Amino acid sequence: MKGNNGLWLMGALVAPAIAVGCTLPWVYVAIATLVGAGFWYLTPAISLPTDFLRVWGKGAGAWILVLQAGFFALLLGQFALGTVSAFPDDPVHPFLPLSMLAVAWFSVSRGEGACRRGCRVAGAVTAVILMAVCFFAFGRADFSRGWTKLPAPSVGEYALVLLLPLCGRQLLGGGRLGVWGLFSLLPITASFLCQCIAGSGGSFYAMAKSVEVLSFAQRIEPLVSAFMTVGWFCTLCLLALVAVKNLRMVGVPRSWAEKGIFLSAMGIVLLSKSISAEILFPIGTVFCVFLPLLTQGIGVRKKVKNFLKFQQKKC
């Protein structure tokens, strides 16, 4: 996949990371985000579907790709359920999750290039707008509250969210982040502000209710809902595209791959089946961290062996 995917990956991270991270103490969010950034530079920026088939063979490699596609279809349904967090005051389930999946389906069906270009723009605009909301919220913050000790919650759900950039970086072929990597600090900033502004209750949407823009624009939470929805769209497109790409690599026609992935996710939404992050995160770590590293290591070892054999033949 050619081009820089950094804008898309940051856009796909921002909405779920804010939705989950604002419910946690900002210190936990900061530590988890830094660890996630470390894995970003540790894991290889390669096109994994191709490398799986080359390193593991057509048999084992195909099974890995199918299992990965199934896991990402499961994640697609779980993250679609999470889109309701963009409108916490309204009963939008199941209309919003199903609508978001339908729009993502249309985008993915237009082709990889069109989906990438659209999500780049959507991701960049979402990150900029939400960062602007955080900037104007600082005037309302009581920074002494930022150091208040809070109960230690589980960070498994936030850790699962941090696998999204790794998924896109490895399965879509990578791409430089550049200055856009600074938007990975946005969830930390949002979590800090939610802790510092009274009445937020761990909700970025509730925190935005107290924000004034240049002393005349108030009640900007509808704007927050709109752009959080755009961010969730980037997330759903990312998960769907990598799942479809995996199935296509094992010979499944694109139309059937798209139907299988999206209909499975829609079934999860209709059944409202939420799976604990404590179950999903270890599986995601295997697919997004362990297998890529192992595949890269085996691939490098094979290349070295082939090079040595070639040198021996020359001698």
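Thresholds, definitions, all that
Residues numbered from 1 in each chain as written. Predicted model: local features only at pLDDT ≥ 70, side-chain atom pairs only at ≥ 80, totals over all residues. Heavy atoms only, no water. Helix = DSSP H or I, 4+ residues; strand = E, 2+ residues; numbered from the N terminus. Buried < 20%, exposed > 50% of the residue type's maximum accessible area, 1.4 Å probe, protein only. Contact = heavy atoms within 4.5 Å. Areas by Shrake-Rupley, 256 points an atom, 1.4 Å probe, with all protein chains shown as cover. Axes fitted to C-alpha atoms, helices over the stretch in contact; angles between N-to-C directions. Parallel < 35°, antiparallel > 145°, perpendicular 65-115°, else oblique. Nonpolar A, V, L, I, M, F, W, Y, C, P; charged D, E, K, R; others polar. Core = buried A, V, L, I, M, F, W, Y, C linked by side-chain atoms within 4.5 Å. Left-handed = near helix turned anticlockwise from the far one by under 90°. Polar contact = N/O pair within 3.5 Å; in protein donor to acceptor, adjacent residues only side chain to side chain. Salt bridge = Lys/Arg side-chain N within 4 Å of Asp/Glu carboxyl O. Expected span 1.5 Å × (residues − 1). Bend = angle between axes of the 7 residues up to and from the residue.

Participant: Would you explain the overall build of the protein in this entry?
Facilitator: Each helix and strand counted, the protein has twelve helices and zero strands in total. Order of helices (α) and strands (β) in the protein, N terminus to C terminus: α-α-α-α-α-α-α-α-α-α-α-α. Relative to its full complement of 315 residues, the protein shows a buried share of 50%. Taking contacts inside the protein between residues at least 6 apart in sequence as the whole, the part at least 24 apart equals 86%. With an accessible surface of roughly 14600 Å², the protein has 68% of that area assigned to carbon and sulfur atoms.

Participant: What's the story with the packing of helix 4 (residues 95-109) against helix 11 (residues 254-271) in this structure? I'm lost.
Facilitator: Packed helix pairs are specified by the crossing angle of their axes together with the interaxial distance, meaning the distance between the axes. At their nearest, the axes of helix 4 and helix 11 sit 10 Å apart, and the two run at 170° to each other. As summarised for this structure, helix 4 and helix 11 are arranged roughly antiparallel, according to the angle between their axes. Here Pro 97, Leu 98, Leu 101, Ala 102, Ala 104, Trp 105, Val 108 and Ser 109 of helix 4 come into contact with helix 11, specifically with Arg 254, Glu 258, Lys 259, Phe 262, Leu 263, Ala 265, Met 266, Val 269 and Leu 270. Partitioning the contact of helix 4 with helix 11 into residue classes produces 13 nonpolar, one polar and three charged.

Participant: Help me understand unusual backbone geometry in this model?
Facilitator: Backbone phi values are negative for most residues with the exception of glycine, while trans is the configuration of most peptide bonds. Each neighbour pair has its own omega, and for His 93 with Pro 94 the value is 5°, a cis peptide bond. As for its position among the elements, Pro 94 is in the loop between helix 3 (48-82) and helix 4. For Ser 272, which is not glycine, the phi torsion reads 55° and is therefore positive. By the element assignment, Ser 272 lies in the loop between helix 11 and helix 12 (277-314). Looking at Ser 272, the relative accessible area reads 39%, which means it is partly exposed.

Participant: Teacher, can you tell me more about the nonpolar core here?
Facilitator: Considering soluble globular proteins, one finds that nonpolar side chains tend to be buried as a cluster. Counting 97 residues, the largest nonpolar core has Trp 8, Ile 18, Phe 72, Leu 76, Leu 101 and Phe 204 as the members making the most contacts within it. Tallying contributions element by element places helix 10 (residues 221-249) first for this core, with 15 residues.

Participant: What is the right way to read the packing of helix 4 against helix 10 from this model?
Facilitator: Closest axis-to-axis distance for the helix 4/helix 10 pair is 9 Å, and the angle between their directions is 55°. Judged by the angle between their axes, helix 4 and helix 10 are oblique. Along this stretch, helix 4 crosses helix 10, giving a crossing that reads as right-handed. Within the contact between the two elements, helix 4 uses Met 100, Leu 101, Val 103, Ala 104, Ser 107 and Val 108 and helix 10 uses Thr 229, Trp 232, Phe 233, Leu 236, Cys 237, Ala 240 and Leu 241. A class-by-class count of the residues in the contact of helix 4 with helix 10 yields eleven nonpolar, two polar and no charged.

Participant: I would appreciate a short explanation of the environment of Thr 33 in the present structure.
Facilitator: Positionally, Thr 33 belongs in helix 2 (residues 26-42). Given the relative accessible area of 9%, Thr 33 is considered buried. Apart from the residues within four sequence positions on either side, Thr 33 is in contact with Tyr 158, Leu 162, Ser 184 and Ile 188. There is a polar contact of 2.7 Å between the side chain of Thr 33 and the backbone oxygen of Val 29.

Participant: Help me understand the pattern of salt bridges, please; the structure alone is not making it clear to me.
Facilitator: Any two side chains of opposite charge can pair, given that their charged atoms come close. Under the criterion given, the structure shown has three salt bridges. The salt bridge partner of Lys 209 is Asp 89, with a shortest N-O separation of 3.3 Å. Of this pair, Lys 209 sits in the loop between helix 9 (204-208) and helix 10 while Asp 89 sits in the loop between helix 3 and helix 4, and the two are 120 residues apart along the sequence. Accessibility expressed as a relative area gives 34% for Lys 209, which makes it partly exposed. For Asp 89, a relative accessible area of 47% translates into the label partly exposed. Its salt-bridge partner being Lys 245, residue Glu 112 comes within 3.9 Å of it at the nearest N-O pair. Here Lys 245 lies in helix 10 and Glu 112 lies in helix 5 (residues 112-137), a separation of 133 residues in the sequence. Since its relative accessible area comes to 27%, Glu 112 is described here as partly exposed. Given a relative accessible area of 17%, Lys 245 falls into the buried group.

Participant: How should I be thinking about helix 5 in this particular structure?
Facilitator: Note that an α-helix has 3.6 residues per turn; residues three or four places apart therefore point the same way. Counted at 1.5 Å a residue, the expected span for helix 5 with its 26 residues is 38 Å, and the 37 Å between its end C-alpha atoms agrees. Cys 115, Arg 116, Cys 119, Ala 122, Gly 123, Ala 124, Thr 126, Ala 127, Leu 130, Val 133, Cys 134 and Ala 137 are the residues of helix 5 that are buried. In this fold, the buried residues of helix 5 make contact with helix 1 (6-21), helix 4, helix 8 (186-196), helix 9 and helix 10.

Participant: Can you walk me through the environment of Ala 15 in this structure?
Facilitator: Note on placement: Ala 15 falls in helix 1. Setting aside residues no more than four positions away along its own chain, Ala 15 makes contact with Met 228, Gly 231 and Trp 232.

Participant: Any chance you could explain helix 1 here in plain terms?
Facilitator: Spanning 16 residues, helix 1 covers 21 Å between terminal C-alpha atoms, matching the ideal 22 Å at 1.5 Å per step. Along helix 1, the helix axis deviates most sharply at Val 14, where the bend reaches about 25°; the proline Pro 16 sits within four residues downstream. Of all 16 residues that make up helix 1, 15 are buried, and the element is covered over most of its length.

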